Amino acid sequence: METFNNAVSAVDSFVWGPVMLVLLVGTGVYLTVRLRFQTWRNLGYALHSVLSKEARTTGRGTGDVSPFATLMTALAATIGTGNIVGVATAMFSGGPGALVWMEISALFGLTTKFSECMLAVKYRETNAKGEMAGGPMYTMKNGFKNRKFGMVLGFLFALFAVIASFGIGDMTQANSISTALQTSFSTPTQVTGIVVTVLALLIIVGGIKSISRVSSIVVPAMAIFYVIFSIISILLNYRNIPNGLAQVFVMAFAPRAVGGGILGAITVSVMNEMRYGVARGCFSNEAGMGSAAITAAAATTDDPVRQGYINMTGTFFDTIVVCTITGLTIASSGVLGTADAAGTPLKGVQLTMAAFSSSLGAFGSCIVSIGIMLFAFSTIIGWEYHGEKALEYLCPNRIVIMIYRIVYSLIAYVGATQTLDLVWNLSDIANALMAIPNLISMLVLSDVIVEEVKRFQPTVDAERSRYQHH
């Protein structure tokens with residue numbers, strides 16, 4: 001087993017190595033430049049669209065659920081343990097500067113998220129039940145001039161998405177919930193596993209309508225709850241803020257040379273901060289993975305570009321808001337690099353809990369536990385929809401879909417009661433493999449993306465001047 005674990009770990013390090021990160025961030029940079037930074041310039045418009053009344057209605061165009069509900073379902077799947085545990089892991093393994101690299105990757109991730117979601121709405125289909133079916137696999141199938149190539153890529157994407165759904169979407173999240181409950185309230189993992197499985201099943205059986213209904217309530221509530229307590233924690237540690245910020249920014253670009261200034265050590269550290277920052281950032285906001293595009297395709301909208309802008313804010317909320325706040329809480333707490341009573345360095349969830357507890361006492365770790373439970377549970381239900389739609393693409397049989405829903409819920413029990421490393425690594429690998437066909441598809445269709453953005457820009461300008469005059 002040990003050798004198998006090591007092999008998986010080696011594969012994981014390879015797929016999330018420099019090549020993958022250059023591909024992910026590089027695609028974002030390439031598209032951002034080709035769109036003349038339009039996604040950045042329209043971020044204000046996008047945020048305004050999300051918060052408008054219209055985003056909560058299904059009056060404009062066709063689709064299954066409101067634009068706001070699709071964003072919340074996509075956010076349910078992306079705001080997960082990555083925002084709490086992933087940030088801590090990145091800052092422990094890569095150093096505090098990893099936070100800056102998370103932000104940089106997220107800025108370009110805005111464009112990848114916009115592009116994949118816009119294309120998913122443009123190339124979506126209606127299935128036999130009259131529901132929307134879309135996502136990168138349909139984009140590749142319907143958007144590519146070379147049909148065969150598109151079909152092969154679409155098949156691969158859907159296959160990896162189904163595999164990833166059990167890992168990143170299900171087992172790792174259930175594991176985080178059971179660990180948090182065990183740490184804070186000594187709840188046995190089996191009990192947690194049973195509760196999570198039953199709750200997940202109750203919501204999932206209702207399909208996108210019930211998943212989006214739950215997400216629309218839980219996601220904004222949990223994010224606001226978490227952000228408020230994080231800000232309180234940061235303010236209580238106000239004396240450490242300058243030092244914490246200095247650490248984050250200095251370490252990102254000029255980590256202290258280890259071992260008398262050997263060049264090797266420096267490059268390794270900057271590379272390490274970049275690698276962990278970008279990898280955990282991408283893992284958290286999933287820009288470029290194509291997962292959010294599956295949900296975006298269910299939106300009721302009159303224009304793919306409009307929905308692209310709405311979904312793009314997911315990356316903003318996920319990384320630029322929630323991850324930053326977690327990172328600043330850790331940086332200002334002064335606990336990064338300290339050890340527990342047994343002398344083991346604090347990392348992962350223990351690190352985040354210690355950061356909150358430094359200012360809020362025992363209540364701090366309860367907040368992190370509650371945050372993890374809500375974030376992780378919403379990820380389980382959000383990702384089920386991603387996996388289900390990918391499976392529907394591979395095999396449009398209703399019975400198979402129902403079996404998937406049940407198996408998916410039961411796998412949560414396994415996740416809640418088993419150990420972590422292997423699962424993290426396997427889901428990381430499937431996740432990276434999903435991204436490859438999706439990124440190829442965005443590069444192949446980059447001309448379409450540029451045309452669509454140009455076509456819709458007058459609408460953006462008109463709507464923007466309308467609400468600015470009110």
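See the structure printed just above.
These figures come from a predicted structure and were not determined experimentally.

A.B. asks: For the state of the cysteines, give the residues involved together with the corresponding values.
C.D. replies: Disulfides are covalent bonds that link the sulfur atoms of two cysteine residues. Going through the model one piece at a time under the given rule, you end up with zero disulfides. A disulfide-free cysteine, Cys117 has its sulfur positioned 15 Å from the sulfur of Cys282, the nearest such atom.

A.B. asks: An account of the nonpolar core is requested, with residue identities and associated values reported.
C.D. replies: Judged by nonpolar contacts, the single largest core of 100 residues is most densely connected at Trp16, Leu24, Phe114, Leu119, Tyr309 and Ile449. Here this core takes 12 residues from helix H9 (residues 147-185), the largest share from any one element. Ignoring anything within four residues of it in the chain, the contact list for Leu119 reads Thr139, Met442, Leu445, Val448 and Ile449. Judged by nonpolar contacts, the second largest core, of 26 residues, contains Ala55, Ala76, Ala180 and Val219.

A.B. asks: Quick rundown of the side chain of Thr112? Include the residues and the values.
C.D. replies: Locating Thr112 in the fold gives a position in helix H7 (residues 98-122). Under the relative-accessibility criterion, Thr112 is labelled buried at 2%. Excluding residues within four positions of it along the chain, Thr112 makes contact with Leu24, Thr27, Gly28, Leu31, Ala287, Gly288, Leu439 and Met442.

A.B. asks: Break down the environment of Lys141 for me, citing the residues and quoting the values.
C.D. replies: Mapped onto the elements of the fold, Lys141 is located in helix H8 (residues 136-143). Of the residues examined, Lys141 reaches a relative accessible area of 18% and is grouped as buried. With 11 residues separating them in the primary sequence, Lys141 and Val152 have C-alpha atoms 8.4 Å apart. With sequence-adjacent residues up to four places away left out, Lys141 is seen in contact with Glu125, Arg147, Gly150, Met151 and Tyr393. Here the side chain of Lys141 touches Glu125 through a polar contact of 2.8 Å, side chain to side chain.

A.B. asks: Give a detailed account of the side chain of Gln173, specifying residues and quantitative values.
C.D. replies: Position of Gln173 among the secondary structure elements: in helix H9. Sequence-distant contacts of Gln173, that is, excluding residues within four places in its chain, are made with Gly80, Thr81, Ile168, Ala376, Thr379 and Ile380.

A.B. asks: Quick rundown of H7? Include the residues and the values.
C.D. replies: For H7, which comprises 25 residues, the first-to-last C-alpha distance of 35 Å matches the rise-based estimate of 36 Å (1.5 Å per residue) to within 8%. In terms of residue burial, H7 counts as a mostly covered element, since 22 of its 25 residues are buried.

A.B. asks: Can you break down the packing of aromatic side chains residue by residue, with the values?
C.D. replies: Inspection of every chain in the model, using the stated rule, returns 14 aromatic pairs. Aromatic pair Trp40 and Phe108: ring centres 5.3 Å apart, planes at 50°, arrangement tilted. Taken together, the residues span a long stretch of sequence, with Trp40 in helix H3 (residues 38-41) and Phe108 in helix H7 at a distance of 68 residues. Assessed through its relative accessible area of 30%, Trp40 is described here as partly exposed. Ring geometry for Phe144 and Phe149: centres 5.7 Å apart, planes at 40°, overall tilted. On the basis of relative accessibility, which here comes to 5%, the residue Phe144 falls in the buried class. An aromatic cluster is defined as three or more aromatic residues linked by ring pairs; in this entry it consists of Phe37, Trp40 and Phe108. Cation over ring: Arg56 sits above Phe68, and NZ or CZ is 4.3 Å from the ring centre. One cation-aromatic arrangement involves Lys122 over Tyr123; the distance from NZ or CZ to the ring centre is 5.7 Å.

A.B. asks: Outline the environment of Phe149, listing residues and values.
C.D. replies: Take Phe149: it is sitting in helix H9. When the C-alpha positions of Phe149 and Met222 are compared, they lie 42 Å apart, and in sequence the two are 73 residues distant. Apart from the residues within four sequence positions on either side, Phe149 is in contact with Phe144 and Ile440.

A.B. asks: Any details on the pattern of salt bridges? Residues and values, ideally.
C.D. replies: On inspection of all chains with the given rule, the structure shows 14 salt bridges. In this structure, Glu452 engages Lys122 in a salt bridge whose closest nitrogen and oxygen atoms are separated by 3.1 Å. Separated by 330 residues along the polypeptide, Glu452 in helix H20 (residues 446-469) and Lys122 in helix H7 bring together distant segments of the chain. Residues Arg306 and Asp302 are paired through a salt bridge, measuring 2.9 Å at the closest nitrogen-oxygen approach. Given the relative accessible area of 8%, Arg306 is considered buried. By relative accessible area, Asp302 is classed as partly exposed at 43%.

A.B. asks: Residues and numbers for helix H6 (residues 81-93), please.
C.D. replies: Most of H6 is tucked away: 10 of the 13 residues are buried. Turning to H6, its buried residues are Thr81, Gly82, Asn83, Ile84, Val85, Gly86, Val87, Ala88, Ala90 and Met91. Looking one or two residues beyond H6, the residue adopting positive phi is Gly95, at roughly 100°.

Thresholds, definitions, all that
- Numbering of residues begins from 1 in every chain and follows the order in which that chain's sequence is written.
- Confidence filtering applies because this is a predicted model: local features only for residues at pLDDT of at least 70, side-chain atom pairs given and counted only at 80 or more, and all residues used for totals across whole chains, interfaces and linings.
- As a convention, hydrogens and water are excluded, and side-chain values are obtained from all of the structure's heavy atoms.
- Any two cysteine sulfur atoms lying within 2.5 Å of each other are counted as a disulfide.
- We call a set of buried Ala, Val, Leu, Ile, Met, Phe, Trp, Tyr and Cys residues a nonpolar core when their side-chain atoms join them within 4.5 Å.
- The rule is simple: take the accessible area with a 1.4 Å probe, protein chains only, and divide by the maximum for that residue type; under 20% is buried, over 50% is exposed, in between is partly exposed.
- In this description a helix means any DSSP run of H or I spanning at least four residues, a strand means any run of E spanning at least two, and both kinds are numbered starting from the N terminus.
- Every residue pair with non-hydrogen atoms within 4.5 Å of one another is taken to be in contact.
- For this analysis, a polar contact is any N or O atom pair within 3.5 Å, provided that within protein one partner can donate a hydrogen and the other can accept it, and provided that sequence-adjacent residues contribute only side-chain to side-chain pairs.
- To estimate how far a helix should reach, multiply one less than its number of residues by 1.5 Å.
- Only Phe, Tyr and Trp rings take part, Trp by its six-membered ring, and two of them pair if their centres are within 6.5 Å. Stacked means planes under 30 degrees apart, edge-to-face means over 60, and tilted covers everything else.
- Distance and angle both matter: a charge sits over a ring if NZ of Lys or CZ of Arg is within 6 Å of the ring centre and within 35 degrees of the ring normal.
- Basic side-chain nitrogens of Lys or Arg form a salt bridge, by our definition, when they fall within 4 Å of a carboxyl oxygen of Asp or Glu.

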